[in-house]
Amino acid sequence: MITFMQSISWTIGDVKITSIIEIEDAGKVIQEGIPSATQENISQISWLKPDFADDEGNLKAFVQAFVVETKDYRIMVDPCVGNSKLRKSLPAWNNLQTNFLERLEMAGCKRGDIDRVFCTHLHFDHVGWNTMLQDGKWVPTFPRARHLIVEKEFNYWKGRPEREVEDDHTGVSDSVIPVFEAGLVDLIPEGRSISEEISLLPTFGHTPFHASVLIKSGGKQAVITGDVLHHPCQIAHPEWETLYDTDKEQARNSRRALLERFADTDTFIIGSHFAAPTAGYLRRDKSGLRLTD
C-alpha cells in the first residue's frame, strides 16, 4: 500500500513526473465501470497480478493527479475529485476529506508552486482540486496557475448535455466554472502544445474532446493516458468499454489507436487510474499486449 509519506516519480529526459495519489482503493469503482471486467475475466489475464488485480480477480486502481515539472513550469494534470464535493451517485467518492494537499507538499510542491493546470477531460474525478471550499465559496486551489482546457470540451459541458450524469455537471459547476469566472482559464485547441516538452494527444470518445498528454524530452517519450484507458485490463482487451464513455465506439477506436501507436516502442505509458507501479511499456507476446517494466 502506498502511504501519503511516499510518492512515485519518473524522469523523462529533463522532465520529472510525480504521482499525487488521492484515493488508493478505487478498484471497485473502476471495475463496476467496465462491465466486461468480471472477476472471472480478470483472473484469466495473469500478468495483471499482483500489481493491478488480486488473486480473486478484483481490480486495483488509484485516483491520482500528476505534477509534471519542466524547466519552465510545474503543471498539475487531472486534479482528482477534491474535498467536500457532493457526488451523490457515487457514495465512495462523495464528500471526500483527504490529505491530498499534504501529499502534494510531501512531494515537494505547494499549491502556490503550480504554474499550469491541465485536465484531460472534465469528468468530476479529473477536475475536483481546481477549487477548494473557503468561507462557503469555491475558490481556486492553485491561484497562480493558468488552467488550460480544450475549448470544445469546455463548450460541450457548458451546454449541460442531457446524456451526461448529474455528478459530472455538478463537477463542472463547482470545480471548473469558478476558475473560469476568476479569469484563470485559457481555452485551447485540442492539438495545442502546453510547453516545449508537452503536447496534447487527441483521444476522443470517453468525452467528446478528451486529450491524453504526450511528453518528449532528451530523446525520451511518455504518455499520461487520461481515461482513454481506465485500467491495464483494457490493454489486454481494448474492446472492453466503460459505462462512462460518451461515444463508446470512438473511445474503443482511440484506445486501439493509442495502443497500436506505442506498442513495442520506448514510449513510457503512465495510466491515470493505474495502481502502482502505474507505468510501463507496451509489449507484445504470444498472449497479446501487456504493460511491463
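Basis of the calculations
Residues numbered from 1 in each chain as written. Predicted model: local features only at pLDDT ≥ 70, side-chain atom pairs only at ≥ 80, totals over all residues. Heavy atoms only, no water. Helix = DSSP H or I, 4+ residues; strand = E, 2+ residues; numbered from the N terminus. Buried < 20%, exposed > 50% of the residue type's maximum accessible area, 1.4 Å probe, protein only. Contact = heavy atoms within 4.5 Å. Arc of directions from axis to C-beta.

Observations regarding unusual backbone geometry
Cis rather than trans, the peptide bond between K49 and P50 has omega equal to 0°. In this fold, P50 is placed in the loop between α2 (39–43) and β3 (63–69). Note the cis peptide between A276 and P277, where omega equals 15°. One non-glycine residue with positive phi stands out, namely C80, at about 60°. For C80, the position within the fold is in the loop between β4 (74–77) and α3 (100–106). Taking relative accessible area as the criterion, C80 reaches 0% and is therefore assigned buried. A positive phi angle is found at D264, which is not glycine, with a value near 60°. Note on placement: D264 falls in the loop between α8 (248–262) and β13 (267–270).

Structural notes on the environment of G27
By the element assignment, G27 lies in helix α1 (residues 27–32). The spatial distance from the C-alpha of G27 to the C-alpha of N58 is 7.2 Å, given a sequence separation of 31 residues. Those residues in contact with G27 that lie beyond four places of it in its chain are L59, K60 and A61.

A look at helix α4 (residues 151–158)
All buried positions along α4 are accounted for by E153, F154, Y156 and W157. The arc enclosing the buried residues of α4, seen along the axis, measures out at 160°, which places them on a common side. Turning to α4, the residues buried within the fold contact β8 (146–150), α5 (166–175), α6 (177–181) and β9 (185–188).

Some thoughts on the environment of V223
Among the secondary structure elements, V223 is positioned in strand β12 (residues 220–224). Overall, V223 belongs to the buried group, its relative accessible area being 0%. When the C-alpha positions of V223 and G271 are compared, they lie 8.3 Å apart, and in sequence the two are 48 residues distant. Once residues within four sequence positions are removed from consideration, V223 is found in contact with S212, V213, L214, L258, F262, T267, F268, I269 and I270.

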